[in-house]
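Structural description and commentary
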Amino acid sequence: MAKKNINEMSFLDHLEDLRWHLIRICLAIVIVATLAFIFSRFIFDAIIFAPLEMSFPTYDFLCKAATFLNLETSFCNDKIPLILQNRTMAGQFSADIWTAILGGFIISFPYVIYQLWKFISPGLHENERKHSRGFIVISSFLFFIGVLFGYYIVTPLSINFLANYSISTLVDNQIDISSYIALVRSSALASGLIFELPIIIYFLTKVGLVTPEFLKKYRKYALVIVLILSAIITPPDIASQVIVAIPIIVLYQVSIYISKIVIRNQKRKERKHV
């Protein structure tokens, strides 16, 4: 049966269409998650547990930087004072499953965006669809950059700070594996989603919910929100929060510029139709 025109589709037709897009998204995530589960040993040893080694690139860079500046730092220690443990029967199995699902989502993200785009694109004008073809590439690029930022910056800073923080020499850091993986997962995923800010602002501007003037007017409030977000996804030390806040502030400025371009193009179209 031929697909109905967007103007002929009822609300139930839209729901049915959305359902099939969501089914395809779920199938893609499950397939990739299954592959990730098969290669879970490599993923855990080479990726998830890599920030526990002092040879991790971030520690090596920060150690060299601290040595050059003649500063004392825990980034030059021989090892991270942290022992992972599993305290529940299904703890390691659950960690394996959820890590595979997260990996499935991250790797499948371009396909997820593609399916969402396929759902919303029929509602756009032909000219809008033509100028938005790079949407999937740009949003995927920003997401992966955010994930890498979370993994190589937020995660090691958090691990190093929290592992070396001590209230007494009588207390050893024996961390449950679920707690450690949750930190890695939230750092990478939250950073990936935060880096989608320019894309979000683009669509909010398109539908008239946001303007460049609005973004400029509430810039100081946005800065406070950025610092709060930085405090949530990083350890409570100023240096880590600033490192995380800088790219978010840059993304906010880029979002203002994108909003200006959208408004300018809309005004240009209106003048043509007058």
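Preceding this paragraph is the structure being described.
The following refers to the structure shown.

What counts, and where the lines are drawn
- Residues numbered from 1 in each chain as written.
- Predicted model: local features only at pLDDT ≥ 70, side-chain atom pairs only at ≥ 80, totals over all residues.
- Heavy atoms only, no water.
- Axes fitted to C-alpha atoms, helices over the stretch in contact; angles between N-to-C directions.
- Helix = DSSP H or I, 4+ residues; strand = E, 2+ residues; numbered from the N terminus.
- Parallel < 35°, antiparallel > 145°, perpendicular 65-115°, else oblique.
- Contact = heavy atoms within 4.5 Å.
- Nonpolar A, V, L, I, M, F, W, Y, C, P; charged D, E, K, R; others polar.
- Salt bridge = Lys/Arg side-chain N within 4 Å of Asp/Glu carboxyl O.
- Buried < 20%, exposed > 50% of the residue type's maximum accessible area, 1.4 Å probe, protein only.
- Core = buried A, V, L, I, M, F, W, Y, C linked by side-chain atoms within 4.5 Å.

**Topic: the packing of helix H2 (residues 40-48) against helix H4 (residues 91-107)**
- At a minimum axis separation of 11 Å, H2 and H4 run at an interaxial angle of 80°. The orientation of H2 relative to H4 falls into the category roughly perpendicular. Between H2 and H4, the contacting residues are Ser40, Ile43, Phe44 and Ile48 on the first element and Ala95, Asp96 and Thr99 on the second.
- Across the contact of H2 with H4, the residue classes tally to 4 nonpolar, 2 polar and 1 charged.

**Topic: the pattern of salt bridges**
- Applying the stated criterion to the full structure yields 3 salt bridges.
- Measuring nitrogen to oxygen at the nearest pair gives 3.4 Å for the salt bridge that ties aspartate 176 to arginine 87. Placement of the pair is aspartate 176 in strand E2 (residues 174-176) and arginine 87 in the loop between strand E1 (83-85) and H4, with a sequence separation of 89 residues.
- Classification of arginine 87 as exposed rests on a relative accessible area of 62%.

**Describing unusual backbone geometry**
- Here asparagine 70, not a glycine, exhibits a phi torsion of approximately 60°, which is positive.
- Looking at the element boundaries, asparagine 70 is found in the loop between helix H3 (57-68) and E1.
- The class for asparagine 70 is exposed, based on a relative accessible area of 71%.

**Some remarks on the nonpolar core**
- Ile48, Tyr59, Ile80, Ile159, Tyr180 and Ile181 are the most contacted members of the largest nonpolar core, which has 25 residues in total.
- Considering each element in turn, this core owes the most residues, 5 residues, to helix H8 (residues 177-194).
- Among residues more than four places away in sequence, those in contact with isoleucine 80 are Pro51, Leu52, Met54, Tyr59, Ile159 and Ala163.
- In terms of nonpolar packing, the next biggest core, distinct from the first, is built from 12 residues, Phe109, Phe135, Val147 and Ala188 among them.

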